[in-house]
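Listed below are the residues making up each chain.
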Amino acid sequence: MGALNTLKDVVNFLTNPPIFITLMAVTFFLLIGRRAFWRPRIGLVVGVVAAIFVALSTLDPNFRLIVGKPDNIPIVAMLFLVGFFLFISMSQAYNNDERIARGEPPIEGSPKEAEKTWVWPDLVYTEMLCMVIGIIILVIWGIVFKAPIEEPANPSRTPNPSKAPWYFLGLQEMLVYFDPWLAGVVLPSLIIVGLMAIPYLDTNPKGNGYFTFRERRVEITLFLFGFVILWVLLVMLGTFLRGPNWNFFGPYEYWDLHKLLALNNVNLSEYVWVKMLHANISGMNMFVRELPGILLVLFYVGVLPGLLAHSRREVKLPGGARVNIGLRKYYEKMGPWRYSVFVMLVLAMFSLPIKMVLRWLFNLKYIIAMPEIFFNI
Amino acid sequence: MATAKPPQPFLSRTWDYITETQIWRSIFRHGMPANNRNRVLVVMSNVFLHLHPVKIRKSGIRLKFTWCMGGLTFFLFLVETFTGLLLMFYYRPTVAYAYMDIIDLAEQVPLGIMREIHRWGAHAMVITVWLHMFRVFMTGSYKPPREFNWNVGVILLVLTLLLSFTGYLLPWDQLAIWAITVGSNMARATPVLGHEGPGSQLLALGDVKMVHAGSDARFALLGGRFVGEGALLRFYVLHCVGIPLVAGILMAVHFWRVRKDGGISGPL
């Protein structure tokens, strides 16, 4: 019993956002380029281990309470589906890469696959089968789990925690690190704009119509980092690990309304003026006070893109892979317009992990804090 | 002396009789699609099947390649339309009735699982549409000539989320109004257009603010200063008519462009 509780404590500790997100992101970058990992066999093992983990965890009452909610069941299913399709796509991608390296066409372009077949019966039957299976799953799902209905709406009684619909919980999780105007309006808009811009920014003609990794290394790594880590993982985090007051609760932890977490977050202006220069900022002009942050943000969006376009520094990662930190290659390939849009979108995406790390390491609240005009970054 | 035809089994005689009636022949202009000519005709002469080409590359129907996620998303849209239509018979979008109508539906309709299918189908649709985008990205299928169709797809993805978001409010329980309150509070912080957004102070005539809680983006979204009667009606109309209509039109464009851009993607 003691060992079990220790194990639970370890899991609760490991799922703490700073550790959890860092672990996942590092694992992602270490594994994405490893051919040996993306094999159906390993996928099966990972899936079975995860399933056993979830199944055994349901013995814990606190875990059952949150994961067993009927509305949360599709989210658990999504975790497994995303993992499953990640393995399916990456193992096919690596298989194709090996074929291409041998001088063969990708499997989708092999003579047998490129051959045409009749829509009736081949495609129509596949579609019908998918529909029948879909209906069966929905009906069984509908019979087993009743659609929940809570107490009638009461505007004067705010539930704690109040959560947005589950697919927006990644955005709600961003609220920990950014103000609503960024986390709720600007960044979501940039996600949509960024997705729409993909085909116009990606000028690589290779990898069109078949799974491949080697021919589209950077595109796939960036996209999967955004989709799997910054979207799906944060949805999970927001759904299962955020309780009352949006405090973190481990999967086996009781959602205690009175859990207190010390919040001693500090703005950059306070770091610079008060802690470093021992100045009094209470009467200071807002723009002078926030000058350090303004300069930093201007550097990030105004100078950094230019520096990156100029540099071609190569860095060796612990995994052995070489990563080009400078983006000169891209600037030359994409031209000034495409490059500018591309680099701004990438910087916007990485602003989230950067802000996360700054928060975890330095308790940094805002880089620019101008609550007077609702302008906090 | 002519040899007598051997007697046909009953079922096959009935089948022959039915398929030779004028009614049958007026609907189906060709025989069973058992030979190549009829396989062409069945696709060409049927308004639903003619979304498809007559022949298709084998890799394009391999489940390992397509995951069937686009098809499942469309299928779930149809399921949601059908079950949603049935739910509309029982549901009145007013603060006084909405919640009780849902309770009635659960308690008075025997063996009813329409609301269950509608809700689980909605969750599933959000997931399938993400997985569809995932697959399309991983196979590089947004690359020329399919750039525009990828964009239509992104809009459809956003519309799927909005469909689910607007539907979230309709049961009018605690989960519904507080989820929508949390979600729509973001609109308060819209730059310039939200009353707590950066830049909103700039829009003022002298001392009179133009962007305040009664005129900002959130007010427009909710039809009020909080999630109330106005929001319920707005979300209901958008959920049942507005967004499905736009999504339906865009789906037509999406499917049509799949064909026009060379069918399902494959190596060039």
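Nothing here was measured: the structure is a model prediction, and the numbers come from that model.

Caption draft 1: Fine view of the domain arrangement of chain A. Under the domain assignment used here, chain A contains domain 1 (118–147) and domain 2 (268–376). Each of domain 1 of chain A and domain 2 of chain A has a C-alpha centre, and these two points are 49 Å apart.

Caption draft 2: Local environment of helix α5 (residues 69–88) of chain B. End to end, α5 of chain B covers 28 Å across 20 residues, agreeing with the expected 28 Å (1.5 Å per residue, within 8%). Residues of α5 of chain B that are buried: Met69, Leu72, Thr73, Phe75, Leu76, Phe77, Val79, Glu80, Thr83, Gly84 and Leu87 of chain B.

Caption draft 3: Expanded view of a nonpolar patch on the surface. A surface patch of nonpolar side chains, amounting to about 650 Å² of accessible area, comprises Met128, Met131, Val132, Ile136, Ile140, Ile143 and Val144 of chain A. Tracing the sequence through the fold places methionine 128 of chain A in helix α7 (residues 119–144).

Caption draft 4: Representation of the interface of chain B and chain A in the model. Taken together, the contact between chain B and chain A spans 90 residues of the former and 94 residues of the latter. Surface buried jointly by chain B and chain A totals about 8600 Å² across both partners, of which 72% is contributed by carbon and sulfur atoms. Across the chain B-chain A interface, the total number found is 6 salt bridges. Where chain B touches chain A, the interface holds 42 residue pairs in polar contact (both at pLDDT 80 or more). Those elements giving two or more residues to the side of chain B that touches chain A turn out to be α3 (36–44), β1 (55–57), α4 (63–66), α5, α6 (98–108), α7 (114–138), α8 (147–169) and α9 (174–185) of chain B. Ranked by residues supplied to the side of chain B that touches chain A, first place goes to α7 of chain B with 17 residues. In the side of chain B that touches chain A, the residues fall into 56 nonpolar, 19 polar and 15 charged. The pairing of strand β1 (residues 116–118) of chain A with β1 of chain B spans 3 bridges and is antiparallel. Pairing of threonine 117 of chain A across the sheet is with isoleucine 56 of chain B, part of β1 of chain B.

Caption draft 5: View of the domain arrangement of chain B. For chain B, the domain assignment lists domain 1 (23–48) and domain 2 (68–260). A C-alpha centroid distance of 39 Å is found between domain 1 of chain B and domain 2 of chain B.

Caption draft 6: Broad picture of the nonpolar core. Judged by nonpolar contacts, the single largest core of 135 residues is most densely connected at Met78, Trp166 and Leu224 of chain A together with Trp130 and Phe134 of chain B. It is helix α10 (residues 217–240) of chain A that provides the largest number of residues to this core, a total of 16 residues.

Caption draft 7: Fine view of the side chain of arginine 146 of chain B. The residue arginine 146 of chain B is located in the loop between α7 and α8 in this model. One buried charged residue, arginine 146 of chain B, forms no salt bridge at all, with the nearest opposite charge on aspartate 261 of chain B at 5.7 Å. Sequence-distant contacts of arginine 146 of chain B, defined by excluding residues within four places in its chain, comprise Asn208 of chain A together with Ser141, Asp261, Gly262, Gly263, Ile264 and Ser265 of chain B.

So, how was this worked out
- Residues numbered from 1 in each chain as written.
- Chains lettered and ligands numbered in written order.
- Predicted model: local features only at pLDDT ≥ 70, side-chain atom pairs only at ≥ 80, totals over all residues.
- Heavy atoms only, no water.
- Domains from an automatic or database assignment.
- Helix = DSSP H or I, 4+ residues; strand = E, 2+ residues; numbered from the N terminus.
- Expected span 1.5 Å × (residues − 1).
- Buried < 20%, exposed > 50% of the residue type's maximum accessible area, 1.4 Å probe, protein only.
- Patch = residues over 30% accessible without salt bridge, like charges linked within 9 Å, V, L, I, M, F, W, Y side chains within 5 Å.
- Areas by Shrake-Rupley, 256 points an atom, 1.4 Å probe, with all protein chains shown as cover.
- Salt bridge = Lys/Arg side-chain N within 4 Å of Asp/Glu carboxyl O.
- Contact = heavy atoms within 4.5 Å.
- Buried area = accessible area lost by both parts, 1.4 Å probe.
- Polar contact = N/O pair within 3.5 Å; in protein donor to acceptor, adjacent residues only side chain to side chain.
- Nonpolar A, V, L, I, M, F, W, Y, C, P; charged D, E, K, R; others polar.
- Pairing = 2+ DSSP bridges.
- Core = buried A, V, L, I, M, F, W, Y, C linked by side-chain atoms within 4.5 Å.
- Lys, Arg positive; Asp, Glu negative; His and termini not counted.

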